[in-house]
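Below, each chain spelled out in residue letters.
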Amino acid sequence: IGYVLWYTGVNRIGGARTALYEGLITVVAVATAWLSLSESMTVLQVLGMVLVFFSLYFARRTSNSN
């Protein structure tokens, strides 16, 4: 499923823009482990997630203004 979604994104919006979303893989993995396996989430992981979302927001905002 992951490869299908990835290559669909590459086909529709291009490789560079699709690569922006690569950081979400880790966020989804940590969130899934937290929800389904009752793993604990550390402050560093939460800060990392915030950084990924901030970076994605900033990159999309910058690319939309050009």
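Treat the numbers as computed from the prediction; the structure is a model and nothing was measured.

Enquirer: Any chance you could explain helix H3 (residues 24-36) here in plain terms?
Expert: Helix length check: H3 (13 residues) gives 18 Å between terminal C-alpha atoms against 18 Å at 1.5 Å per residue, within 8%. Taken from the residues just after H3, serine 38 is the one with a positive phi, measuring 55 degrees.

Enquirer: Just checking my understanding: could you explain the packing of aromatic side chains for this structure?
Expert: Aromatic ring pairs are reported here in terms of the distance separating the ring centres and the angle at which the planes meet. For the structure on display, the rule yields 2 aromatic pairs. Considering the side-chain rings of tyrosine 3 and tyrosine 7, the 6.5 Å spacing of their centres and the 20 degrees angle between planes classify their relative orientation as stacked. Of this pair, tyrosine 3 and tyrosine 7 are both found in helix H1 (residues 2-13), 4 residues apart, which corresponds to roughly one turn of the helix. Judged by its relative accessible area of 67%, tyrosine 3 is exposed. When its relative accessible area of 52% is taken as the criterion, tyrosine 7 is described as exposed.

Cut-offs applied
Residues numbered from 1 in each chain as written. Predicted model: local features only at pLDDT ≥ 70, side-chain atom pairs only at ≥ 80, totals over all residues. Heavy atoms only, no water. Helix = DSSP H or I, 4+ residues; strand = E, 2+ residues; numbered from the N terminus. Expected span 1.5 Å × (residues − 1). Phe/Tyr/Trp six-rings, centres within 6.5 Å; stacked < 30°, edge-to-face > 60°. Buried < 20%, exposed > 50% of the residue type's maximum accessible area, 1.4 Å probe, protein only.

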